[in-house]
Amino acid sequence: MEPDMLATLLAAPFGGPDGAMTPPIQQSSLFSFDNYQAFEDRLAGLGDRPLYTRVQNPTVAAFEAMMAQAEQGEAAVAFASGMAAISATVLALVRHGDRIACVEHVYPDAWRLFEQVLRPFGVTTDYHPVAAMEHEPQRLAGARLVYLESPNSLMMQAMDLARVAAHARAAGAVSVVDNSWATPVLQNPLALGVDAVVHSASKYIGGHSDTVAGVAIANADIIGRIRALTLPLLGAKLGPFEAWLLVRGLRTLPARMARHGATATLIAGRLAHHPRVARVHAPGAGDAPGLRGRSGLMSIELAEGADAPRFVDALRLFRIGVSWGGFESLVMPARAVLRQAGPQNPARCFGVPPTLVRLSLGLEDPQDLWRDLAQALAAA
Ligand SMILES: *Cc1c(COP(=O)(O)O)cnc(C)c1O
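Residues numbered from 1 in each chain as written. Predicted model: local features only at pLDDT ≥ 70, side-chain atom pairs only at ≥ 80, totals over all residues. Heavy atoms only, no water.

K.L.:
Lay out the packing of aromatic side chains in plain terms, naming residues and giving numbers.
P.N.:
With the rule as written, the count across this model stands at 5 aromatic pairs. A ring pair is formed by Tyr-204 and Trp-324, whose centres lie 5.4 Å apart and whose planes are at 70°; its orientation type is edge-to-face. Note that Tyr-204 is positioned in the loop between strand E6 (196–200) and strand E7 (214–218) and Trp-324 in the loop between strand E10 (319–320) and strand E11 (330–333), a separation of 120 residues in sequence. The exposure classification of Tyr-204 matches that of Trp-324, with both residues buried. Ring geometry for Phe-241 against Trp-244: centres 6.3 Å apart, planes inclined by 15°, an arrangement best described as stacked. Of this pair, Phe-241 and Trp-244 both sit in helix H11 (residues 240–272), 3 residues apart, roughly one helical turn. Taking relative accessible area as the criterion, Phe-241 reaches 42% and is therefore assigned partly exposed. Geometry around Phe-33 places Arg-49 over its ring, the cationic atom sitting 4.1 Å from the centre. (Phe/Tyr/Trp six-rings, centres within 6.5 Å; stacked < 30°, edge-to-face > 60°. Helix = DSSP H or I, 4+ residues; strand = E, 2+ residues; numbered from the N terminus. Buried < 20%, exposed > 50% of the residue type's maximum accessible area, 1.4 Å probe, protein only. Lys NZ or Arg CZ within 6 Å of the ring centre and 35° of its normal.)

Now the structure itself:
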């Protein structure tokens with residue numbers, strides 16, 4: 001979908017009671033019935049009026065409907081976090097003995113889900129470079145599920161999703177892609193042939209660093225499986241208030257993405273010519289078919305002699321922290337991530353360079369951000 005069309009779609013009033021522009025927050029755990037027959041009919045599967053908020057809630061449904069439209073999917077289901085969306089989607093699609101083919105540099109907690117939860121349950125995962133997934137379809141043979149993220153985490157490598165989705169389909173595998181970086185504004189994986197899209201809505205969709213949430217979008221069959229099994233039985237549902245915040249976030253998503261993208265283009269261009277920067281990873285339109293632009297999340301590799309901790313500490317407008325996609329600029333040095341505690345470290349397994357620094361460019365003035373980066377690079 002063209003960004004302008006999406007902006008109009010997401011700006012449509014909700015059509016609530018009394019001409020309300022926004023959906024009411026239906027903060028109720030259950031929904032009651034007037035008589036026995038109505039209750040029995042609902043349990044028998046007639047109609048879809050709300051029953052219990054673990055499974056269904058009208059405010060959550062408003063967010064789900066907007067996401068299904070934005071991603072051009074038949075249906076969507078919201079979750080308490082991006083990881084809940086990922087785990088519920090994957091667990092609805094694999095069983096004991098299955099194999100997952102996954103792209104390298106996948107989101108670290110998705111890697112931990114595959115290695116520390118699924119592997120002991122008899123689901124194995126192997127990891128492949130972007131280029132291998134695109135050009136060596138034999139790597140996908142025998143996989144039940146192909147798990148993608150484009151661009152991927154920290155290294156920001158974008159892939160040809162249409163090509164990989166076609167390889168997955170030919171191998172008889174279902175494909176899932178994490179589209180958190182691009183949002184529906186910059187990339188529509190379902191239109192490229194991917195079977196299911198997952199998002200951390202904690203990032204750009206919420207957009208205000210105040211909500212942790214997730215969502216999955218796919219055809220009615222896949223979403224039906226999730227709704228029948230892993231949403232109700234793992235129980236990681238989204239709350240009505242968070243759903244309301246996400247509806248609010250979606251209204252401004254296209255405008256915010258345009259601003260993030262313009263800032264990122266300016267900053268990436270200048271960083272690419274800076275002597276203290278060895279490499280810039282800032283994918284945009286043209287770096288992968290189907291990718292329409294740049295978001296505000298990029299990474300750089302500092303040149304030899306520049307010190308990552310000194311660079312990070314010299315920044316004034318960038319706060320140090322995990323997550324991204326909010327109004328505020330953030331910096332996350334890979335060196336600290338490589339030292340993260342735990343039984344296994346995915347950044348180390350994937351070989352993330354210690355000189356890498358991730359930047360989430362917020363909605364501040366782009367010239368102010370550039371001046372801050374330039375003085376911090378000088379100090380590094
Ligand atoms: C943050 C993130 C997630 C996990 O989302 P949560 O909402 O924190 O559970 C998944 N994928 C990517 C690419 C992310 O950046």
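After presenting the structure, the write-up continues.
K.L.:
Help me get a handle on the side chain of Arg-358, residues and values and all.
P.N.:
Locating Arg-358 in the fold gives a position in strand E12 (residues 356–360). Of the side chains with opposite charge, Glu-149 comes closest to the buried, unpaired Arg-358, at an N-O distance of 8.0 Å. Separated by 3.2 Å, the side chain of Arg-358 and the backbone oxygen of Ser-323 make a polar contact. When neighbours within four sequence positions are excluded, Arg-358 is seen to be in contact with Leu-154, Met-156, Leu-297, Met-298, Ser-299, Val-322, Ser-323, Trp-324, Leu-330, Val-331 and Met-332. (Lys, Arg positive; Asp, Glu negative; His and termini not counted. Salt bridge = Lys/Arg side-chain N within 4 Å of Asp/Glu carboxyl O. Polar contact = N/O pair within 3.5 Å; in protein donor to acceptor, adjacent residues only side chain to side chain. Contact = heavy atoms within 4.5 Å.)

K.L.:
Give a detailed account of the site of the ligand, specifying residues and quantitative values.
P.N.:
The full set close to the ligand counts 13 residues, and Gly-82, Met-83, Asp-178, Ser-202 and Lys-203 are the nearest of them. Ser-200 places a polar side-chain atom, nitrogen or oxygen, 2.9 Å from an oxygen atom of the ligand. Between the ligand and Ser-202, the relevant distance is 2.5 Å, taken from an oxygen atom to a side-chain nitrogen or oxygen of the residue. When the ligand is considered free in solution it has 380 Å² of accessible area, and contact with the protein chains removes 89% of it. When residues of the shell around the ligand are assigned to their parent elements, the largest contribution, 3 residues, is made by helix H4 (residues 82–93). Of the residues contributing to the shell around the ligand, the split by class is 6 nonpolar, 4 polar and 3 charged. (Near = heavy atom within 4 Å. Areas by Shrake-Rupley, 256 points an atom, 1.4 Å probe, with all protein chains shown as cover. Nonpolar A, V, L, I, M, F, W, Y, C, P; charged D, E, K, R; others polar.)

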